[in-house]
Amino acid sequence: MAVYLDSSDSYDNHLVSQFKKRKVISDGDNGSLACSFMCLPTLQASDYFMEPSLSELITRELMDPGYCARVQNFTVGRYGYGNVRFFGETDVRWLDLDHIVKFRRHEIVVYEDETVKPSVGKGLNKAAEVTLILQKDSSTEKLKLSAEKQGAEFISFDLSRKEWKFSVQHFSRFGLSDDEEDDVMMDDADVDVREREQVTMNDDDGSDLDEGSPLTDSRLLSHSLPSHLGLDPVRMKEMRMMMFSPEEEDDDAELDNLNGTCSHHRPLHGSKSVQRSSPLTIRKTPLALLEYNPGSFASSDNGSILLSQQNKGVPLTITKVQGFKLEIKETPVTKSYSKNIVDAGLLMGRSFGIAWGPNNLLIHCGSVGDSNKSPHLSSTISLEKVGTDNVVRDENNKIREELIGLCFDSPLSYHKEINFETNEFIVDSYKLKARKLVFNRLDLSHVCRQYIGIIEKQLEVPGLSSSARVMLMHQVFVWELINVLFSSKESSIEADVAALPLIRRAEFSVLLQESVCHRVQDEISSLNDSKDLQQLFLLLTGRQIDAAVELSASRGDVRLACLLTQAGGSTVNRIDIDRQLDLWKTNSLDFGFIEKDRIRLFELLAGNIHGALGEMDIDWKRFLGLLMWYHLQPASDLTSIFQTYQHLLEDGRAPYPVPVYIDEKLVMDNISWSPGNRFDLAYYLMILHSNEGRDVTNIHMLKTMFSAFASTHDPLDHHMIWHQRAVLEAVGTFSCDDLHVLDMGFVSQLLNLGHCHWAIYVVLHMSHRDDYPYLQASVIREILFQYCETWSAQENQRQFIVDLGVPSAWLHEALAVYHAYIGNSFKALEHYLGCGFWQKAHSTFITSVAHSLFMSGKQSEILRLATSMEDHKSEIENWDLGAGIFITFYSLKSSLKEDDSMTELVCYSHGRLLIQKTFFPDHIPAVSKCNFRTISLSNNFI
């Protein structure tokens, strides 16, 4: 048991101070006593110890002069690393143990400087027993082997305490090498995955400490955090020494002197001082600045790392925890809670990194997507699959196969039938055909109806949720809006060109009226039958004039019914009603005798929509309808209507055109939204129509328009908006080559469903960019390599990819790499030959295929494979020493069979060819004879 130097013991302090002062007293016995003190060993490092301790050595030297020259079983150790016990008597006088004995991770070094190392048997270069504490589990067999390699004798290995004991006859360096440490860590990896043990500290007050456990030096607390992180505290200290200048080290030494902790260094007696090129790595350990206290995660929510004002001797304990984090504090500046989570990369090193895995797996720590969640342990790694298939799930969250076909296969199949143009370009001598959808606006109505028909089939699928049906109905509205705004009207209706804007306006009015009908009916159903004026107003917001007139007449209000029949008509009627309202206000008419709802009706009929609405909340589509039906001129075109609404929106006098999932309140609880940051796709279509012909291209607007949030609350769903963008671009409404985010989002969605062929089809429709000329080729090759197992298993996908014009060599290359990865060398060779990788094919043939075929007796197959590479032997390194030998052998063998001048004595024994003696004609080259004999002998020994 080590004897610790208690700073409170006055007698020991006096003796130690006498030793440190090194005063030589010249008179009598006191002089001999001082000389005895001067010969004591020195050990300044706080994390090292020796047995007997310095106080014991002083006491025994006083009682028995000369004791330090014959100390029995002298021991030097380092807390947490191990110790060394020297056998027999040891002369410890004048020993500077700080420089002689050094313990590092899994190793001990005695006399690191060979120039001061004494001969064997002298000083500390003698037989001893070494105990090393391993920080990882290991096996006894490995440790025995390591000890034998170093000339040491293995004694024991305590698995529970991880103590490795061995004996040595003399010293240099003993322990585990770097390679052996790696082996130990690899052996321990499986255990660490299941059960990670981390070094932690108990509470500051130490109330829950085991009274029987030995106390550890409080100054070791500074190493607790590095040890917990799996780092070597000594190496961290050496790195600190390298990073700070010597001047800073001197400043630290001056601080130590001020604190009364001055250290004195004395060279070895009778030896020369050793010059060092780097700062001293052995120095006084500073007091702990951090107190690490993760606590028990079973009983406490938070651990903490706090500033320590006083060091406390707390033992290290082993606890099984998932990670650690800092406590959550309220910051005084922002008054908000900050998440002080320890970084998982710091905790786990290079073994962790936030990244995407296959099949949309996200590897991370903490929470994703919800900032309101409580912080997680950052050392707990989470694996989450990002859902890109929500569109094909029913109300029970189960994938429906019919929805996969209707959402992806059917629209893409129809897209493939539409006219397109190809743009051929060359990539590494291979031709690739990019595609682009093209058709005129006369066909736009037919195209839109086809897409609407596919969506209507989706609505017929049973088990759809109500929110999914609302989203599908909105998709129908968008396709109809595209048809109304951008299709050509000349061929369908024979009318004057001047009347075409009015025809388009009428179609838009009917479409808008149908799209808000359900909102009107829902609000009317929530009213009482007695509130007939409110019902009339709601009917007018949806332009259901016939129903409003019928309701008013049924209630006996014939005059109001007559006014309603003229709603939205001639501006003369609006002016008359507006004048009447002004006269009533001018004449100070008491409006208390007229219902407020009736006044609102009159305001609406007069065209004053803001006065009619008052404080009423209304959706943006009905507001746009009120603007078009009751406020603007009946002959105004759609461009003026959209621009008027846009101006009112900018002035804050119109409701925001929010997306349908916000407007219908489908997913308000799961979405972060603020007014103005998201608009509906229909609104962007209206802006696109109003800007048409003015050569106004807003890239930011187009990117926002064709983002998933413009049409759906799922940010990863691009299955329909991709088609809408393709159709709009095909008819010439805009042109943009910077919408690759939309393309890649749809590609990712298709790949997640295993539709690799359609993903490549989408890539071929990506816009060409001069700054990324090979973007399509790079993405296609990535798909072929990453999803090779998927598309190669389905012949229809493989044939589809070939029909798209993808070079077959790219398919063979991907298949070759895949089969080489799974260990099928035969198929890998075939595909290497298919893609023209002759050197790789030759290497695979020689190292993995040829010998197996030769042993199986498949001589014709060997000849076929070797002959297929012969035309490209100039591109193959060491051809003559590889496949060339087989070709020479079989050609020579064939020629010998046909040559009557050669006599060959052969016999067969148990199916093995034994060549007894062969006579070659003179015209056979010497190299061929050598090859023949080589392969014949190889066959003999098979």
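Look up a bit, the structure's there.
These remarks concern the structure in this document.

**Focus: the overall build of the protein**
- Helices and strands together make up the secondary structure of the protein, namely 39 helices and 24 strands.
- The buried share among the 942 residues of the protein stands at 43%.
- For the protein, restricting intrachain contacts to residue pairs at least 6 apart in sequence, the fraction spanning at least 24 positions comes to 61%.
- As presented, the protein carries roughly 50,300 Å² of accessible surface, and 51% of it is formed by carbon and sulfur atoms.

**Section: the side chain of Thr131**
- Along the chain, the position of Thr131 falls in strand S8 (residues 128-133).
- Ignoring any residue separated from it by four or fewer positions in sequence, one finds Thr131 in contact with Tyr81, Gly82, Asn83, Glu163, Trp164 and Lys165.

**Notes on the packing of aromatic side chains**
- Counted under the stated rule, the structure contains 28 aromatic pairs.
- Relative to Phe166, the ring of Trp164 has its centre 4.8 Å away and its plane inclined at 50°; by these criteria the two rings are tilted.
- Note on Trp164: relative accessible area 1%, which makes it buried.
- We classify Phe166 as buried; its relative accessible area is 1%.
- Taken together, a centroid distance of 6.3 Å and an interplanar angle of 45° make the contact between Phe166 and Phe174 tilted.
- Members of the aromatic cluster, each reached through a chain of ring pairs, are Trp620, Phe623, Tyr645, Tyr656, Phe679, Tyr683 and Tyr684.

**Details of the environment of Glu421**
- In this structure, Glu421 sits in strand S21 (residues 420-427).
- Since its relative accessible area comes to 43%, Glu421 is described here as partly exposed.
- Along the backbone, Glu421 and Ala434 are 13 residues apart, and their C-alpha atoms lie at a distance of 8.3 Å.

**A look at helix H17 (residues 532-541)**
- Taking burial as the measure, the 10 residues of H17 include 8 buried ones, the bulk of the element.
- Along H17, the residues that are buried comprise Leu533, Gln535, Leu536, Phe537, Leu538, Leu539, Leu540 and Thr541.
- Among the residues trailing H17, Arg543 stands out with phi positive, at a value near 55°.

**So, unusual backbone geometry**
- For the peptide bond that leads from Glu51 to Pro52, omega is 0°, which places it in the cis range.
- Residue placement: Pro52 occurs in the loop between strand S1 (48-51) and helix H3 (54-63).
- With phi around 55°, Lys665 is a residue other than glycine that occupies positive phi space.
- If you trace the backbone, Lys665 turns up in the loop between helix H25 (660-663) and helix H26 (681-690).
- Accessibility expressed as a relative area gives 63% for Lys665, which makes it exposed.
- One non-glycine residue, Asn878, adopts positive backbone phi at about 60°.
- Within the secondary structure layout, Asn878 lies in the loop between helix H37 (859-870) and helix H38 (883-898).

**Concerning the packing of helix H23 (residues 620-631) against helix H24 (residues 638-650)**
- Viewed as axis vectors pointing N to C, H23 and H24 meet at an angle of 120°, and their least axial separation amounts to 10 Å. Classified by the angle their axes make, H23 and H24 are oblique. For H23 against H24, the interelement crossing comes out right-handed. Listed contacts from H24 to Trp620, Phe623, Leu624, Leu627 and Met628 of H23 are Leu638, Ile641, Phe642, Thr644, Tyr645 and Leu648.
- Tallied by class, residues from the contact of H23 with H24 come to 10 nonpolar, 1 polar and no charged.

**Details of the pairing of strand S4 (residues 82-86)**
- Residues Gly82, Val84 and Phe86 point to one face of S4 and are all buried, whereas Asn83 and Arg85, pointing to the other face, are not buried.
- Where strand S3 (residues 75-78) and S4 come together, 4 bridges link them in antiparallel fashion. Among the inter-strand pairings, Arg78 is bridged to a residue of S4, identified as Gly82.
- Remark: 3 residues form the turn of the hairpin made by S3 and S4, two consecutive strands paired antiparallel; Gly80 in that turn has positive phi of roughly 85°.
- Both S4 and S8 contribute to a ladder of 5 bridges, which runs antiparallel. Of the residues in S8, the one forming a bridge with Asn83 is Thr131.

**Here we look at the nonpolar core**
- Ranked by internal contacts, the top residues of the largest apolar core, which has 139 residues, are Phe508, Ile783, Leu784 and Trp791.
- At 10 residues, helix H14 (residues 466-486) tops the list of elements feeding residues into this core.
- Not counting residues up to four positions away in its chain, the partners in contact with Ile783 are Val747, Leu751, Cys756, Ala759, Ile760, Val763, Cys788 and Trp791.
- Within the second largest apolar cluster, 40 residues are counted, among which are Met50, Val84, Leu97 and Ala152.

**Comments concerning the sheet that holds strand S7 (residues 107-110)**
- Ordered in space as S6-S7-S11, the 3 strands form an open sheet in which the pairing is antiparallel. Each end of this open sheet is capped by a strand with a single partner; those strands are strand S6 (101-104) and strand S11 (173-175). Each adjacent strand pair in this sheet contributes to an overall mean axis angle of 15°, direction not counted.
- Sheet topology places S7 next to S11; 3 bridges connect them, and they run antiparallel. Looking at S11, one finds that Val109 is bridged to Arg173.

**Thoughts on the sheet that holds S1**
- Pairing within the open sheet is antiparallel, and its 6 strands lie in the order S1-S3-S4-S8-S10-S9. With partners counted over all chains shown, the strands left at the sheet margins are S1 and strand S9 (153-158), one partner each. If you compare each strand with its neighbour and ignore which way they point, the axes differ by 15° on average.
- Lying on the sheet, helix H5 (residues 140-149) is in contact with S9 and strand S10 (163-168); it crosses S9 at an angle near 155°.

**Focus: the pattern of salt bridges**
- Within this structure, the stated rule accounts for 32 salt bridges.
- Glu664 is paired through a salt bridge with Arg519; the nearest N and O atoms lie 3.7 Å apart. Of this pair, Glu664 sits in the loop between H25 and H26 while Arg519 sits in helix H16 (residues 517-525), placing them 145 residues apart in sequence.
- The shortest N-O distance in the salt bridge between Asp738 and Lys703 comes to 2.9 Å. Taken together, the residues Asp738 in the loop between helix H28 (721-730) and helix H29 (740-752) and Lys703 in helix H27 (residues 699-705) connect sequence positions 35 residues apart.
- Since its relative accessible area comes to 39%, Lys703 is described here as partly exposed.
- One salt-bridge network, in which partners are shared between bridges, spans Lys102, Arg104, Glu107, Glu112 and Arg173.

Quick notes on the rules
Starting from 1, residues in each chain are numbered consecutively following that chain's sequence as written. Where totals are concerned, whole chains, interfaces and linings use all residues; where local detail is concerned, this predicted model gives features only for residues with pLDDT of at least 70, and gives and counts side-chain atom pairs only at 80 or more. Processing note: side-chain calculations cover all non-hydrogen atoms of the structure and skip hydrogens and water entirely. Labels follow the DSSP assignment, with helices taken as runs of H or I lasting at least four residues and strands as runs of E lasting at least two, numbered in each case from the N terminus. Throughout, exposure labels follow a simple rule: accessible area from a 1.4 Å probe, protein chains only, divided by the maximum for the residue type, with under 20% read as buried, over 50% as exposed, and the rest as partly exposed. Between two residues, a contact is recorded if the distance between any of their heavy atoms is within 4.5 Å. Accessible areas in this description were obtained via Shrake-Rupley with a 1.4 Å probe; residue shielding takes into account the shown protein chains only. Only centres within 6.5 Å qualify two rings of Phe, Tyr or Trp (six-membered ring in Trp) as a pair; their planes then separate them into stacked at under 30 degrees, edge-to-face at over 60, and tilted for everything else. Fitted lines through C-alpha atoms give the axes, limited to the stretch in contact for helices. The angle between two N-to-C directions lies from 0 to 180 degrees. By definition in this entry, angles of less than 35 degrees are roughly parallel, angles greater than 145 are roughly antiparallel, angles of 65 to 115 are roughly perpendicular, and the rest are oblique. Handedness of a crossing follows from how the near helix is turned relative to the far one, being left-handed for an anticlockwise turn of less than a right angle and right-handed for a clockwise one. Three categories are distinguished: nonpolar for Ala, Val, Leu, Ile, Met, Phe, Trp, Tyr, Cys and Pro, charged for Asp, Glu, Lys and Arg, and polar for the others, with Gly belonging to the last. One requirement defines pairing of two strands: DSSP has to find at least two bridges between them. Throughout this description, the term nonpolar core refers to a set of buried Ala, Val, Leu, Ile, Met, Phe, Trp, Tyr and Cys residues connected via side-chain atoms within 4.5 Å. Here, a salt bridge means any Lys or Arg side-chain nitrogen found within 4 Å of an Asp or Glu carboxyl oxygen.

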